[in-house]
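Descriptive analysis of the structure
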Amino acid sequence: MESINAKYVSQKISKSRWRPVSHSSLQQADIFATGSWDNEDNKISFWSIGSHGSSGVEDGFEGDPQLLCEHKHDGDVLDLQFLDQDRIVTASSTGAVTIFRHHQNSQTISVSQQWARAHRYPSDNAPCTGVVCSSPEIVTVGEDGRIIVFRADQEGVIRVIDNADSSTIHAVTYLRTTEILTVNSIGQLKLWDLRQQSNSPSQILSLSGDRVPLHCVDRHPNQQHIVATGGQDGMLCVWDVRQGSTPFSLMEAHSAEMWEVHFHPTNPDHLFTCSEDGSLLHWETSSQSDIPSFLQGGRNSSMTSRSAMAPAGGNQSLINAWLSGDSSKGRLETTHMLPSQTLSVNSLDVLGQCLVCGTDGEAIFVNRQVPV
Amino acid sequence: MEEVDVEPAVTNIPAASSGTHLGFAWGPGDILVYETLYKASGTGSGDIHEVRKDEDIYSPILRKLFNESHHIFVGLQTIREDLPSKNKKPQFVSISKNYRSVIRACMEELQQVSILLAIELIWNLCEVLFIDAAPAGSLLLHLLDWVRLHKADVDEKAREVLQSESPAEHRDYWDVPGGTQTLTEFDVKWRHWHEEVDRCLQDNSFASNKHLELICKILVGDEDTLLEHKDLLSTWYHFLVTRLLFCHPTVKPTELHYYAQSCLTMFLDSRSVPEPLDSILLAAFEFDIHQVIKDCSIALNNWWFVAHLTDLLDHCKLLQSHNLHFGSNLREFLLLEYASGLFTHHSLWQLAVDYFDHCPEFGRVYLELQIERVPLDTERKALKVLRICEQRQMSEQVRSICKIMAMRALRNNRLGSALSWSIRAKDAAFATLISERFLQDYCARGTFSDLDLIDNLGPAMLLSDRLTFLGKYREFHKLYGEKRFREASKLLLSLMTAKIAPRSFWMTLLTDALPLLEQKEVSHHIVRYAVYGQVLSL
């Protein structure tokens, strides 16, 4: 395993995200944004990993990420997403949702818009825990159990779902353009149809066993009904939201909370997870069939599954794989991507062959040659 | 009680008005100072001043030092104990070099000359003398490297002087011990050469050329000549190494301190006093490790250096384990002090946890006391603190943290969150409290709030009787709503007889039974309801 170098940045990194690249330009990832937490003065920062195509790059780690610019951030950065090429949205522990604009020419950052106290309790602030956007729409969730929909460049909120959840909503993602998926601290996935006016979810899914809090969720880039979640017990669950209310397969991934799970955006046979236990895992399937093995459900030689119930109805071949207990329909490989003994890896993002992650050891790791 | 070695430092508090009587209270890493009314003239300010001794941990550049060295520290602790010591020495040297490279990286970023320069100088010398433990012969080479590294520009000039004449002899000279010849062979050759140069000087064969004569005098290590060129050798230890180079290149480690002491004395004017750095280096040359550590502890205001160096020396088995008065050994004491300092930092407290883990005597106790003081502003942070406690089976702290978070959630009416924290702590009492809240809400409003929670309790229901009752009671309502009266009635009866219903709810249960009595399927239950009602009225 090639050595991966840490860049120490004097701040605990809570989130790291690649700036999106337009598919047409065949550009590689070169700029990423980070947010810090647990500081008296938190910051958001933009970094560059320099140009590609330079020769003699043996192991892909030529040069450290260079700081382009940074800006003060009020409260911990609990989530961060790129709205477009120049703007990011952050979720703050003060309950504020803020849009920052990165001025590429002058390498400065300015606050473009802010909704302070978007998430709140009657007498206190409530941290905003997750944000997802599909420009110009922004959806946020928080410890107050609210779901809020904003539009960039429009003051005020578009829609609020109060008491969407009696527990903390930890993460949100788009399922379709009008449907979102949230995960909460009593182990439930909830589907919300934003076209409906009702304040109830259209579907609730949960594990049949213990109500383990879920911390992260990501949707398969091509198959919109396939969703992966990770939670407090470090288990990776893959769900099919069309059928049944329980996960399709469960895999022991980490020995502590899983903070983020990401399908690779263009190679979805690859999945990445990071955890409080200080590890970052790269999951790769190499099945003959079109369906990756972790979607085939049930037991696999390198997975340990708990009591996941067989889904009712549904695709015949999938159920056969489950019932026959055939473990070799596909192969699942996991690789550790970081040297051991790092503190918690709080965040990761992957784009093309580039992966960036941030840790509580105040280090950023960039890998430019992820084997995908 | 030992006497204090240095005068205590006086710190002025600029914001406090002069002449006021100050009160104070110790904090974990600081002092809180306030103006008292005693002897107050006029109105004093109502301010509290925080006096911090260690500003270093708030420097962004030094934070890199703390984080990177933490990584090295943890790696060092996991070196296997059972390896023979000769295999371990290169590892320890390599770790020492890692620490030093981290210091140097920070030095490069900090523009001004800082304490880091002195720290690296001392550490480097300790590595040469203690960890690498260079024997006679290579010892001098290491010392040369050491001095060169720190006085690079001075060395340039010295090299100019040396290389201007007689290159051939010098080339032979640099064919150094540790190469192909033994120490004795080299010593013999060297003495021979030295005598020859000395004879040339005595013969005045170079009298015609002042420069050449000067060079020869330097080459034989003539003290007066060397001292005349003091400005080229900016420090006494540079003087020392130069003198050793020309007079005693095969110096043994045990002889070092004689030369060190005399060089220090010769180099300093009669007026100037040795600085703390000088005494530390001298103690190192005397191989008095404990004195080095003690002097560094006093001279530096942050425990980073002594803690890490002592830990490394302890792994090299160089510290005699003499126990201190309070039960732990020197290494542990210093690590505890360092880690306690880290714990006062709003962000670096996470690093401290690993240091406490590797203090076998008191580390756990320190951690237990400190971890409860970490402010829990967000759930995310509370989860991290909880994980630390759970991994170390600190069940009391787990309960305490979960209770704090659950209470906070309850106050903000987040019943699901509160329940989630109770489940984590397996806190049956709190789960009961939450269930009571739900039931009170029901009684007040006639409907359940947060159905998404109650309908999906799952096995968590079993955490407390009250919670089980809540879940089952809701189930009863669902059954009734679906017109499954027989099952509803059976469930209601079992709720009554199982004695998990709270007393305050018994009347409600009976009232719920009334509409059921009208249903034909459950008429046979009437008798049992009647019996139950009879029991109640008693």
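Residues numbered from 1 in each chain as written. Chains lettered and ligands numbered in written order. Predicted model: local features only at pLDDT ≥ 70, side-chain atom pairs only at ≥ 80, totals over all residues. Heavy atoms only, no water.

Here we come to the overall build of chain A. Along its length, chain A carries one helix and 30 strands. Contacts in chain A between residues at least 24 apart in sequence constitute 52% of all its contacts with a sequence separation of at least 6. On chain A, roughly 14,000 Å² of surface is accessible, and the fraction owed to carbon and sulfur atoms is 44%. (Helix = DSSP H or I, 4+ residues; strand = E, 2+ residues; numbered from the N terminus. Contact = heavy atoms within 4.5 Å. Areas by Shrake-Rupley, 256 points an atom, 1.4 Å probe, with all protein chains shown as cover.)

Residues and elements named next belong to chain B. Per-residue confidence for chain B gives a mean pLDDT of 81; residues scoring 70 or more make up 83%. Low pLDDT, under 50, characterises residues 153–158; the stretch is placed with six contacts to residues that sit more than four places away or in other chains. When the criterion is pLDDT under 50, residues 164–179 qualifies, and its contacts beyond four places in sequence or with other chains add up to 21 contacts. Complex prediction metrics read pTM 0.85 and ipTM 0.88. (pLDDT = per-residue confidence, 0-100.)

A few words now on the environment of Asp38 of chain A. Checked against the element boundaries, Asp38 of chain A lands in the loop between strand 3 (31–37) and strand 4 (42–48). Sequence-wise, Asp38 of chain A and Tyr174 of chain A are 136 residues apart; in three dimensions their C-alpha atoms are separated by 28 Å. Not counting residues within four places of it along the chain, the set of residues in contact with Asp38 of chain A comprises Lys12 and Asp76 of chain A together with His346, Ser347, Trp349 and Lys381 of chain B.

Tallying the contact residues gives 40 residues for chain B and 50 residues for chain A. Considering only the side of chain B, the residues that lose the most area to chain A are Arg380, Lys384 and Arg414 of chain B, jointly responsible for 18% of the buried surface there. Counting the contacts that link chain B with chain A gives six salt bridges. In this structure, the salt-bridge partner of Arg63 of chain B is Glu362 of chain A, at a minimum N-O distance of 2.6 Å. Run the count over chain B and chain A and you get 31 residue pairs in polar contact (both at pLDDT 80 or more). (Buried area = accessible area lost by both parts, 1.4 Å probe. Salt bridge = Lys/Arg side-chain N within 4 Å of Asp/Glu carboxyl O. Polar contact = N/O pair within 3.5 Å; in protein donor to acceptor, adjacent residues only side chain to side chain.)

Before going further, it helps to examine a nonpolar patch on the surface. Residues and elements named next belong to chain B. Taken together, the side chains of Leu32, Tyr34 and Ile48 present a nonpolar region at the surface, about 290 Å² in accessible area. Mapped onto the elements of the fold, Leu32 is located in strand 2 (residues 30–35). Note on Leu32: relative accessible area 38%, which makes it partly exposed. (Patch = residues over 30% accessible without salt bridge, like charges linked within 9 Å, V, L, I, M, F, W, Y side chains within 5 Å. Buried < 20%, exposed > 50% of the residue type's maximum accessible area, 1.4 Å probe, protein only.)

Counting residues in each nonpolar core, the largest one holds 171 residues, and the members touching the most others are Leu280 of chain A together with Leu143, Trp146, Trp236, Phe285, Trp304 and Phe305 of chain B. A per-element tally of this core places helix 3 (residues 115–131) of chain B first, with 11 residues. Core analysis: the next-biggest nonpolar cluster, separate from the first, contains 16 residues, Ala171, Leu181, Leu205 and Leu214 of chain A among them. (Core = buried A, V, L, I, M, F, W, Y, C linked by side-chain atoms within 4.5 Å.)

Our focus in this paragraph is the packing of helix 16 (residues 349–357) of chain B against helix 18 (residues 379–391) of chain B. All names here are of chain B. Look at helix 16 against helix 18: their axes get within 12 Å of each other, and the N-to-C directions meet at 5°. Considering their axes alone, helix 16 and helix 18 lie roughly parallel with respect to each other. Between helix 16 and helix 18, the residues in contact are Trp349, Gln350 and Val353 and Lys381, Lys384, Val385 and Ile388, respectively. Partitioned by chemical class, the residues of the contact of helix 16 with helix 18 number four nonpolar, one polar and two charged. (Axes fitted to C-alpha atoms, helices over the stretch in contact; angles between N-to-C directions. Parallel < 35°, antiparallel > 145°, perpendicular 65-115°, else oblique. Nonpolar A, V, L, I, M, F, W, Y, C, P; charged D, E, K, R; others polar.)

For the rest of this paragraph, the subject is the packing of helix 11 (residues 256–267) of chain B against helix 12 (residues 276–285) of chain B. Residue and element names in this part refer to chain B. Put simply, helix 11 and helix 12 touch, their axes get as near as 8 Å, and they point 155° apart. Classed by the angle they form, the pair helix 11 and helix 12 counts as roughly antiparallel. Contacts between helix 11 and helix 12 involve Leu256, His257, Ala260, Gln261 and Leu264 from the former and Asp278, Leu282 and Phe285 from the latter.

On to the side chain of Asn42 of chain A, then. All names here are of chain A. As for its position among the elements, Asn42 is in strand 4. In terms of polar contacts, Asn42 uses its side chain to reach the side chain of Ser36, at 3.0 Å. Excluding residues within four positions of it along the chain, Asn42 makes contact with Ser36, Trp37, His71, Lys72, His73, Gly75 and Asp76.

Helical periodicity: at 3.6 residues per turn, an α-helix aligns residues three or four positions apart in one direction. Residue and element names in this part refer to chain B. Given a rise of 1.5 Å per residue, 17 residues ought to cover 24 Å, and the 24 Å separating the end C-alpha atoms of helix 23 (residues 465–481) matches this to within 8%. Buried residues of helix 23: Arg466, Leu467, Thr468, Phe469, Leu470, Gly471, Tyr473, Arg474, Phe476 and Leu479, and no others. Residues of helix 23 that are buried in the fold lie against helix 20 (415–425), helix 21 (428–445), helix 22 (451–454), helix 24 (485–497) and helix 25 (506–517). In the stretch just after helix 23, Lys483 is the one whose phi turns positive, near 65°. (Expected span 1.5 Å × (residues − 1).)

With an omega of 0°, the peptide bond running from Ser135 of chain A to Pro136 of chain A counts as cis. Assignment of secondary structure puts Pro136 of chain A in the loop between strand 12 (128–134) and strand 13 (137–142). Located in the positive-phi region is Glu362 of chain A, a residue other than glycine, with phi close to 60°. Mapped onto the fold, Glu362 of chain A is located in the loop between strand 29 (354–359) and strand 30 (363–367). Within the chain, Ala133 of chain B stands out as a residue other than glycine whose phi angle is a positive 50°. You can see Ala133 of chain B is positioned in the loop between helix 3 and helix 4 (138–150).

In this section: the sheet that holds strand 7 (residues 87–92) of chain A. All names here are of chain A. On the basis of which strands lie adjacent, the open sheet formed by four strands has the order 6-7-8-9 and antiparallel pairing. Each having just a single partner strand, strand 6 (77–82) and strand 9 (108–115) make up the two edges of the open sheet. For this sheet the average axis-to-axis angle between neighbouring strands, irrespective of direction, equals 25°. The pairing of strand 8 (residues 97–103) with strand 9 spans seven bridges and is classified as antiparallel. Note that in strand 9 the partner of Val97 across the bridge is Trp115. (Pairing = 2+ DSSP bridges.)

Let us look at the packing of aromatic side chains. Enumeration over the complete set of coordinates arrives at 31 aromatic pairs over all chains. For the pair Phe24 of chain B and Trp26 of chain B, a centre-to-centre distance of 6.3 Å together with 90° between the ring planes defines the contact as edge-to-face. Each member of the pair, Phe24 of chain B together with Trp26 of chain B, is exposed. An angle of 40° between the planes, with centres 5.3 Å apart, marks the rings of Trp146 of chain B and Tyr237 of chain B as tilted. With Trp146 of chain B in helix 4 and Tyr237 of chain B in helix 10 (residues 236–247), this pair connects stretches of sequence that are 91 residues apart. The same class applies to Trp146 of chain B and to Tyr237 of chain B, which are both buried. Looking at Lys12 of chain A, its charged tip hangs above the ring of Trp37 of chain A, at a distance of 4.7 Å from the centre. The aromatic ring of Trp259 of chain A is capped on one face by Arg380 of chain B, whose charged end is 4.7 Å from the ring centroid. (Phe/Tyr/Trp six-rings, centres within 6.5 Å; stacked < 30°, edge-to-face > 60°. Lys NZ or Arg CZ within 6 Å of the ring centre and 35° of its normal.)

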